[in-house]
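These are the residues of each chain, in order.
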Amino acid sequence: MAHENGNVTGCVLEIQRMSTEDGPGLRTTVFLKGCPLACEWCHNPESIPAKPQIQWIESRCLGCKSCVDVCPNHAVEATPSGIVIDKTRCVGCGTCAEACPSTALELQGNTWTPEALADEVAKDRAFFEQSDEGGITVSGGEATLQADFVEAFFMACRARGLRTALDTCGYCQAETLGSLLPLVDLVLLDLKAIDPEKHKAYTHRDNAKILENATNLASWVRSHPETKLWVRTPIIPETTADPEQIADIGRFIASNMDGAVSRWELCSFNNLCRDKYVRLGIDWRFKEAELMTADDMERMADSARHSGVDPDIVHWSGSTRLENESKGEEGTNVPELQSVKNCQTCG
């Protein structure tokens, strides 16, 4: 987070309009840069680093080398295989992206003030008013890493009469989370795994702080019923897609969050982010993984419903693969997809 002229500013990755995935109704979701976790399945890997980054999109490149000539830090090089960004030299200034005539270079992360961002999202007011409980969701990355900015932004949204929601992984100081709770109508909390070793293997962080915050958050919501709490769990092949792990989460919710959670959403694995990993030069573990089937998701949901929680709060969402695959023209198996309210799979 930076400060300009004494005012707090934030690093925003993307503003996504007309979202149905980040809370009730139609929403505008503000994705911020920076996350303390590094989930192996992350749908938005470009959101993990806190600083702005440049990415090169090969299909758009004209080969004009304008970007090479203007880079003040000599971080851009034209090679036989394409444009290469030296991450040790690149400071994310965006000069090369501004010079690119074909938008083949994109700056991921732009600086906003809270007031300017609130003015921008308020343009969607008509959509919020026509949908059930629509509004603004701040996601990430992890929103609490830029807590001062998010607090000021939520205050500006409230002043404009906009509903607000916070999407968080829960890995933050309790005081940080507490400063934001009075400013939101909804909290979306990710619970990925209860077993600390599994959680650390999946996300590279221990979950003790997350579980403590989940318990405290539930207590706060019980005493502030005007604020709703949703729990979201990613269902990922060969990791979290395990009925017993889902039951563990359910038992935790029943024991520590009973009566506070109005929705527990199981989000099916989404593999549409594969190109992001290619552009970032990351060999993604799940690049060959298939979508879950509806039967898979029903099995996970059944485990959740029998874990001790109120069965009515359990839902699942996301695109799934039909078990009976159709044949493509060349005889390859082409999965047919069915979709139940898309979910980006909690990061």
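The side chains of a regular strand alternate between both faces of the sheet. Burial of strand β5 (residues 53-56) is two-sided: the residues Q53 and Q55 facing one way and the residues I54 and W56 facing the other way are all buried. One ladder, built from 4 bridges, connects β5 with strand β8 (residues 105-108); its direction is antiparallel. Note on β8: the bridge partner recorded for Q55 is E106.

On to the nonpolar core, then. F153, L191, L229, I253, M257, W264 and L266 are the most contacted members of the largest nonpolar core, which has 76 residues in total. With 7 residues, helix α8 (residues 208-223) is the largest single contributor of residues to this core. Not counting residues up to four positions away in its chain, the partners in contact with F153 are V30, P114, L117, A118, V121, I136 and V138. In terms of nonpolar packing, the next biggest core, distinct from the first, is built from 13 residues, C67, V76, I85 and A104 among them.

On to unusual backbone geometry, then. The phi torsion of most residues other than glycine is negative, and most of the peptide bonds are trans. Residue G141 follows G140 across a cis peptide bond; omega there is 5°. Looking at the secondary structure, you find G141 in the loop between β10 (135-139) and α5 (147-159). Despite not being glycine, T103 has its phi angle at roughly 55°, a positive value. If you trace the backbone, T103 turns up in the loop between α2 (95-99) and β8.

Under the counting rule described, the total for this entry stands at 7 aromatic pairs. Geometrically, the ring pair formed by Y277 and W284 is stacked, given 4.7 Å between the ring centres and 10° between the ring planes. The exposure class of W284 is buried, given its relative accessible area of 4%. K209 extends its terminal NZ or CZ atom over the ring of Y171, reaching a point 4.8 Å from the ring centre. One Lys or Arg, R263, reaches over the ring of W230 and ends 5.1 Å from the middle of that ring.

Take the side chain of S303 next. Tracing the sequence through the fold places S303 in helix α11 (residues 294-305). Looking at S303, the relative accessible area reads 15%, which means it is buried. Contact partners of S303, with chain neighbours within four places excluded, come to P243, I246 and A247.

By the burial criterion, the buried members of helix α7 (residues 196-203) are H199, Y202 and T203. All buried residues of α7 fall inside an arc of 75° around its axis, so they share one side. Those residues of α7 that are buried are in contact with α8 and α9 (243-256). Looking at where α7 begins, the residue whose side-chain oxygen comes 3.0 Å from the main-chain nitrogen of E197 is D195. Two residues or fewer past α7, H204 is found with a positive phi of approximately 70°.

As a further point, take the confidence of the model for the protein. Mean pLDDT for the protein: 91, with 91% of residues reaching 70 or above. Note that pLDDT drops below 50 for residues 325-342; the model gives that stretch 36 contacts with residues more than four away or on any other chain.

Moving on, we get to the state of the cysteines. Throughout the structure, instances matching the rule amount to 0 disulfides. Cysteine C61 is unpaired, with the sulfur of C67 as its nearest cysteine sulfur at 6.5 Å. C64 takes part in no disulfide bond, and the closest cysteine sulfur, belonging to C100, lies 6.0 Å away.

Here the focus is the pattern of salt bridges. The tally for this structure, following the rule as stated, stands at 20 salt bridges. Here E106 ties to R60 by a salt bridge, and the two come within 2.7 Å at their closest N and O atoms. Note that E106 is positioned in strand β8 and R60 in the loop between β5 and α1 (66-70), a separation of 46 residues in sequence. The class of R60 is partly exposed, set by a relative accessible area of 32%. Across the pair E298 and R305 runs a salt bridge, and its minimum N-O distance is 3.9 Å. Taking relative accessible area as the criterion, E298 reaches 38% and is therefore assigned partly exposed. One salt-bridge network, held together by shared partners, links R17, E120, K123 and D124.

Procedures and definitions
Residues numbered from 1 in each chain as written. Predicted model: local features only at pLDDT ≥ 70, side-chain atom pairs only at ≥ 80, totals over all residues. Heavy atoms only, no water. Buried < 20%, exposed > 50% of the residue type's maximum accessible area, 1.4 Å probe, protein only. Helix = DSSP H or I, 4+ residues; strand = E, 2+ residues; numbered from the N terminus. Pairing = 2+ DSSP bridges. Core = buried A, V, L, I, M, F, W, Y, C linked by side-chain atoms within 4.5 Å. Contact = heavy atoms within 4.5 Å. Phe/Tyr/Trp six-rings, centres within 6.5 Å; stacked < 30°, edge-to-face > 60°. Lys NZ or Arg CZ within 6 Å of the ring centre and 35° of its normal. Arc of directions from axis to C-beta. Polar contact = N/O pair within 3.5 Å; in protein donor to acceptor, adjacent residues only side chain to side chain. pLDDT = per-residue confidence, 0-100. Disulfide = S-S within 2.5 Å. Salt bridge = Lys/Arg side-chain N within 4 Å of Asp/Glu carboxyl O.

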